[in-house]
Amino acid sequence: MRLTSLSEMNCSIARTLDVVGEWWTLLIVRDALRGATRFDEFRESLGMARGVLSSRLHKLVDQGILERRQYLEHPPRYEYTLTEKGRALAPLIRAMMNWGDTWAAGPSGPPVVLIHEPCGHTMQPLSICPHCRAEVHTDDVLSTPGPGATSPEAKARLRTSALGPEDPGA
């Protein structure tokens, strides 16, 4: 069943959800970020039905998030690797993991921790302002209309919003 498309909304969050908002999609990207490339690796890790996995992989290829390459001719077998567009989802995956570790972890704590390889320490993702290099907190961010904002109502809502870098009404 196909839900309503969000691709035409004047909102970067809605358009992103239109691409990666289905249940399994970000878990496939998570596994690809961890090194999975083959259909059976994704299926074993996720326990998904073959048809659902096949559908999600095709969508990710069509969206330019994964690239499909044949690695065996007889029978034909393919691997799926992240594109630059796909690797750009890593901060989103880390942010969702951080939220889940804080608000939805089991009683034993987070199931996975992130290690910053250069220094060897555990880490949590942070938002850093690219201009002043300060850590960004939710209350420090103001949304304003960008070059793609269209409606006067959306622009008015943005002036009073503190949602962050993007507002669903923008």
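Just so it is clear, the model here is predicted, and its values are computed rather than measured.

In terms of regular secondary structure, the protein is built from seven helices and four strands. In the protein, the succession of α and β elements from N to C terminus is α-α-α-α-β-β-α-α-β-β-α. When each of the 170 residues of the protein is scored for burial, the buried share is 26%. Taking contacts inside the protein between residues at least 6 apart in sequence as the whole, the part at least 24 apart equals 35%. As displayed, the protein offers around 11900 Å² of accessible surface, 55% of which is attributable to carbon and sulfur atoms.

With that settled, the discussion passes to the environment of Tyr80. Within the secondary structure layout, Tyr80 lies in strand 2 (residues 77-82). Since its relative accessible area comes to 7%, Tyr80 is described here as buried. For the pair Tyr80 and Thr37, spaced 43 residues apart in sequence, the C-alpha separation works out to 4.8 Å. Those residues in contact with Tyr80 that sit more than four places away from it in its chain are Ala36, Thr37, Phe42, Leu57, Val61, Leu66, Glu67 and Arg68.

So, about the packing of aromatic side chains. Any aromatic ring pair is given by two values, namely how distant the centres are and how the planes are angled relative to each other. Enumeration over the complete set of coordinates arrives at zero aromatic pairs. Of note, Arg38 hangs over the ring of Tyr71, and the distance from its end group to the ring centre comes to 3.6 Å. Looking at Arg68, its charged tip hangs above the ring of Tyr78, at a distance of 3.5 Å from the centre.

By volume, the largest pocket is sized at about 1800 Å³. Lining the largest pocket are 46 residues, and of these Pro91, Leu92, Arg94, Ala95 and Met96 sit closest to its centre. Elements with a minimum of two residues in the lining of the largest pocket: helix 1 (12-20), helix 2 (25-33) and helix 6 (90-103). Per element, the largest residue contribution to the lining of the largest pocket is 14 residues, and it comes from helix 6. Residue composition of the lining of the largest pocket, by class: 28 nonpolar, eleven polar and seven charged.

This part takes up the state of the cysteines. One way to say it: the disulfide is the covalent bond shared by the sulfur atoms of two cysteines. Counted by the stated rule, this structure contains zero disulfides. Cys129 takes part in no disulfide bond, and the closest cysteine sulfur, belonging to Cys132, lies 3.9 Å away. Among the residues examined, Cys129 registers a relative accessible area of 21% and is labelled partly exposed.

Looking at the secondary structure, you find Thr81 in strand 2. Polar side-chain contacts of Thr81 include one of 2.8 Å to the side chain of Arg69. Among all residues touching Thr81, those that are not within four sequence positions of it are Thr37, Ile65, Leu66, Glu67 and Arg69.

Here we come to helix 6. If you check helix 6, its first and last C-alpha atoms are 20 Å apart, about what 14 residues at 1.5 Å a residue would give, namely 20 Å. Taken together, the buried positions of helix 6 are Ala90, Ile93, Met97 and Gly100. Angularly, the buried residues of helix 6 cover 90 degrees about the axis, an arc narrow enough to put them on a single face. Relative to its buried face, helix 6 has exposed residues pointing more than 90 degrees away, namely Trp99 and Trp103. Contact partners of the buried residues in helix 6: helix 2, helix 5 (84-87) and strand 3 (114-116).

What counts as what
Residues numbered from 1 in each chain as written. Predicted model: local features only at pLDDT ≥ 70, side-chain atom pairs only at ≥ 80, totals over all residues. Heavy atoms only, no water. Helix = DSSP H or I, 4+ residues; strand = E, 2+ residues; numbered from the N terminus. Buried < 20%, exposed > 50% of the residue type's maximum accessible area, 1.4 Å probe, protein only. Contact = heavy atoms within 4.5 Å. Areas by Shrake-Rupley, 256 points an atom, 1.4 Å probe, with all protein chains shown as cover. Phe/Tyr/Trp six-rings, centres within 6.5 Å; stacked < 30°, edge-to-face > 60°. Lys NZ or Arg CZ within 6 Å of the ring centre and 35° of its normal. 1 Å grid on protein atoms, 1.4 Å probe; cavity = no way out; pocket = protein on both sides within 12 Å on 5 of 7 lines; lining within 4 Å. Points joined across faces, edges and corners; volume = space filled by probe spheres on them. Nonpolar A, V, L, I, M, F, W, Y, C, P; charged D, E, K, R; others polar. Disulfide = S-S within 2.5 Å. Polar contact = N/O pair within 3.5 Å; in protein donor to acceptor, adjacent residues only side chain to side chain. Expected span 1.5 Å × (residues − 1). Arc of directions from axis to C-beta.

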